[in-house]
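Examination of the molecular architecture
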Amino acid sequence: MLLGASLLGVLLFSRLVLKLPWTQVGFSLFFLYLGSGGWRFIRIFIKTVRRDVFGGTVLLRVKAKVRRYLRERRTVPILFAATVQRHPEKTALIFEGTDTHWTFRQLDDYSNSVANFLQAQGLASGDVVALFMENRNEFVGLWLGMAKLGVEAALINTNLRRDALLHCLTSSQARALVFGSEMAPAVLEIHANLEPSSLNLFCSGPWEPSTVPAGTKHMDPLLEDAPKHQPSRPNKGFVDKLFYIYTSGTTGLPKAAIVVHSRYYRMAALVYYGFRMRPDDIIYDCLPLYHSAGNIVGMGQCLIHGMTVVIRKKFSASRFWDDCIKYNCTIVQYIGELCRYLLNQPPREAEKQHRVRMALGNGLRQSIWTDFCSRFHIPQVAEFYGATECNCSLGNFDGQVGACGFNSRILSFVYPIRLVRVNEDTMELIRGPDGLCIPCKPGEPGQLVGIIIQRDPLRRFDGYLNQGANNKKIAQDVFKKGDQAYLSGDVLVMDELGYLYFRDRTGDTFRWKGENVSTTEVEGTLSRLLDMADVAVYGVEVPGTEGRAGMAAVASSSGSCDLEHLAQLLQKELPLYARPIFLRFLPELHKTGTFKLQKTELRKEGFDLTVVKDQLFYLDARKGRYVPLDQEAYTRIQAGQEKL
């Protein structure tokens, strides 16, 4: 069947792309049929050919543009300049918080001021400036202005504090930190550990000198006085660095994923063409702009394709549809949890009076997919799969319920991604007698991998600033000797038609509240706070919630600790999404021969009172502290009646 699929793919490609006569194609079909699996394959062909041809066309269209921009050494600022030229007076950004509207010309002028100001401060192409700010128009203008100068922005997660925040600044070797005045308390916490001689501090937004570190300059008036002309073009090309996005990983502390100009364009363009967006669409973007979903998938449509984007500082379930109506939004962005929060809201008239035609995002669970579309009258769900650093993004272009994308069964050679067999507990690749990975059959779960071809901007892997982290994401000899592939770390399942469904995020991270949580980082913090006790952190499933809730198993001879004090300390040390929801105290934790904590059984047992006989506690959101997990609380959590 696979041989037949490949041959038929070649025939279709020959007809649709190379324009060979149908008679020549048709003459071969009978012979092809004999070796293709018969009617079963014909059924797959009939059901998927339209989808696959469209997907192949989108891929070829983006690939052609990427090759052209690579040859012409285009960059995101150059592509943005073309957008400004097309419609300078069109609204580019709207910040919901202050109802501030910026045209493309105003965004261009602001970013020019940023570039010229930073240049006057001695910054040049190749330098790094950290950006630590909540969502607003200035966030976009700041990193875009840096890019115009060739300066690489390090986009810092606004939830980070203390050690994690300090790590991001030092590991990026930033020469300056631009922070919003709302982030001043977090900067003050680490100021004593910063090198004032090597790191310039600039604050944007309303401020009082007494609330920021000594030596901080107020950036807003300085930008008003800066020249607004286009800065001289830096010596940057399409595959050079644009900015860094920090992501949690197995190293414990956040890792800086490298985003080059071609990656930014590819991610934005595949979504634009794949989901048939239009230049007159208005996007409602309430996702963090320090993440790729908000700043590339969403904001990229503004900078590259000329759409208007409405920015919200933070997601609000109660204001969501009112905002969409007020700003005539036609596309909304989501993560899976966001959709569930909206469904949990009481019904109201506003949810039926909007003009939204598309919900764009990832992580919408199959169990609420249909309810979400039906209740809020959303004609199209544009679900995709991807990560900032990955080369194996997927798109559900035809709205298959529950799928995060597809891979063609008849044109499989066009897009070199595969599911390969792994040990789901360790994520270790399972190899055959020849030493190569074993591709999964339909219905068989496996890790998603993408073949790395560095000379191809669509297939390259740019990795992280930390080279050691790169090695953990690359596998050798995957499909043939000498090849390399990117390891997604995620387990997916493919059905007979090639649709792919997300199954689990395994390994040393889990996802909660739309964020990746590093178990190593949380373990380190908890162990330190608990006098270096052995701590194992893992994610556990909770009925009715997206992702996995954090649970910590603590080896304690006394059986517990001062839980109220621990909750207070965790508030200061960890972002909200990383704080464990459940605590389990047990006499000791089992380890491997290499002293790695064994979590498989702990993860399976979860917080099930019928299985776990150790002391269990959960974080009571109303009381703000850990309380015993008794049968009554367990029943409420299982029924979705307890807020976590």
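Here is a short report on the structure shown in this document. (Residues numbered from 1 in each chain as written. Predicted model: local features only at pLDDT ≥ 70, side-chain atom pairs only at ≥ 80, totals over all residues. Heavy atoms only, no water.)

With that out of the way, let us pick up the pattern of salt bridges. Across all of its chains, the model carries 35 salt bridges by this definition. In this structure, the salt-bridge partner of Lys148 is Asp108, at a minimum N-O distance of 2.5 Å. Here Lys148, found in helix α6 (residues 137-149), pairs with Asp108, found in helix α5 (residues 104-120); they are 40 residues apart in sequence, far enough to count as distant. Its relative accessible area of 11% is what places Asp108 among the buried residues. Its salt-bridge partner being Arg365, residue Glu546 comes within 2.9 Å of it at the nearest N-O pair. With a gap of 181 residues between them, Glu546 in the loop between β26 (535-540) and β27 (549-555) and Arg365 in the loop between β13 (358-362) and α14 (366-376) connect regions that are remote in the sequence. A single salt-bridge network, built from bridges that share partners, covers Glu96, Arg312, Arg319, Asp322, Asp323 and Arg348. (Salt bridge = Lys/Arg side-chain N within 4 Å of Asp/Glu carboxyl O. Helix = DSSP H or I, 4+ residues; strand = E, 2+ residues; numbered from the N terminus. Buried < 20%, exposed > 50% of the residue type's maximum accessible area, 1.4 Å probe, protein only.)

The next subject is the pairing of strand β28 (residues 582-586). With five of its five residues buried, β28 lies for the most part within the structure. Of the two faces of β28, the one carrying Phe582, Arg584 and Leu586 and the one carrying Leu583 and Phe585 are both buried. In this sheet, strand β29 (residues 615-620) lies alongside β28 in antiparallel orientation, the contact comprising four bridges. Across the sheet, the residue bridging to Arg584 is Leu616, located in β29. (Pairing = 2+ DSSP bridges.)

All right, on to helix α7 (residues 162-172) then. The periodicity of an α-helix, 3.6 residues per turn, causes residues three or four places apart in sequence to face the same way. Within α7, the full set of buried residues consists of Ala164, Leu165, Leu166, Cys168, Leu169 and Ser172. The inward-facing, buried residues of α7 contact β3 (128-132), β4 (152-155), β5 (176-180), α8 (184-190), β8 (241-247) and α16 (519-529). Looking one or two residues past α7, Gln173 carries a phi angle of roughly 55°, positive in sign. (Contact = heavy atoms within 4.5 Å.)

To describe two helices that pack against each other, one gives the angle between their axes and the distance between the axes. Two elements in contact, helix α4 (residues 76-86) and α6, have axes whose closest approach is 9 Å; the angle formed by their N-to-C orientations is 115°. When the interaxial angle is binned, α4 and α6 end up roughly perpendicular. Facing Val76, Pro77 and Phe80 of α4, the residues of α6 in contact are Trp143, Leu144, Ala147 and Lys148. (Axes fitted to C-alpha atoms, helices over the stretch in contact; angles between N-to-C directions. Parallel < 35°, antiparallel > 145°, perpendicular 65-115°, else oblique.)

Attention now goes to the sheet that holds strand β14 (residues 380-385). One open sheet accounts for eight strands, arranged β2-β1-β11-β10-β12-β13-β14-β15; its pairing is mixed. On the outer flanks of this sheet lie β2 (100-103) and β15 (394-395), each paired with one strand and no other. Most of the contacts of α6 go to strand β1 (residues 91-95), to which it runs at about 130°, and overall it touches β1, β2 and β11 (308-311).

It is worth spelling out the packing of helix α10 (residues 261-274) against helix α11 (residues 292-305) at this point. Following both chains from N to C, one finds α10 and α11 inclined at 75°, their axes separated by 9 Å at the closest point. With respect to each other, α10 and α11 are oriented roughly perpendicular. Residue-level contacts link Tyr264, Tyr265, Met267, Ala268, Ala269, Val271, Tyr272 and Tyr273 of α10 to Ser292, Asn295, Ile296, Val297, Met299, Gly300, Gln301, Leu303, Ile304 and His305 of α11. Taken together, the residues that form the contact of α10 with α11 break down as 13 nonpolar, five polar and no charged. (Nonpolar A, V, L, I, M, F, W, Y, C, P; charged D, E, K, R; others polar.)

So, about the nonpolar core. Counting residues in hydrophobic clusters, the biggest one holds 101 residues, and the most contacted among them are Leu93, Trp143, Phe243, Tyr264, Tyr265, Met299 and Leu303. Per element, the largest residue contribution to this core is nine residues, and it comes from α10. If sequence neighbours within four positions are ignored, Trp143 has contacts with Val76, Leu131, Ala153, Leu155, Leu242, Phe243, Tyr264, Asn295 and Leu303. Ranked by size, the runner-up nonpolar core spans 76 residues in total, among them Ala164, Phe510, Ala549 and Leu619. (Core = buried A, V, L, I, M, F, W, Y, C linked by side-chain atoms within 4.5 Å.)

So, about the sheet that holds strand β9 (residues 255-260). Taken together, seven strands build an open sheet; the order of strands is β7-β6-β5-β3-β4-β8-β9 and the sheet is mixed. For this open sheet the edge positions go to β7 (217-218) and β9, each flanked by a neighbour on one side alone. Summarising the sheet, β3 and β5 pair through four bridges and their orientation is parallel. Bridged to Val129 within β5 is Ala176.

Okay, the side chain of Ser113 next. Its location among the elements puts Ser113 in helix α5. The residues touching Ser113, leaving out its near neighbours within four places in the chain, are Leu223, Ala226, Pro227 and Lys228.

We now examine unusual backbone geometry. Phi at Asn328 takes a positive value of approximately 55°, unusual for a residue other than glycine. If you trace the backbone, Asn328 turns up in the loop between α12 (320-326) and β12 (331-335). Phi at Asp477 is positive, roughly 50°, even though this residue is not glycine. For Asp477, the location among the structural elements is in the loop between β21 (474-476) and β22 (484-494). For Asp477, a relative accessible area of 24% translates into the label partly exposed.

On their own, these measurements won't tell you what the molecule is for.
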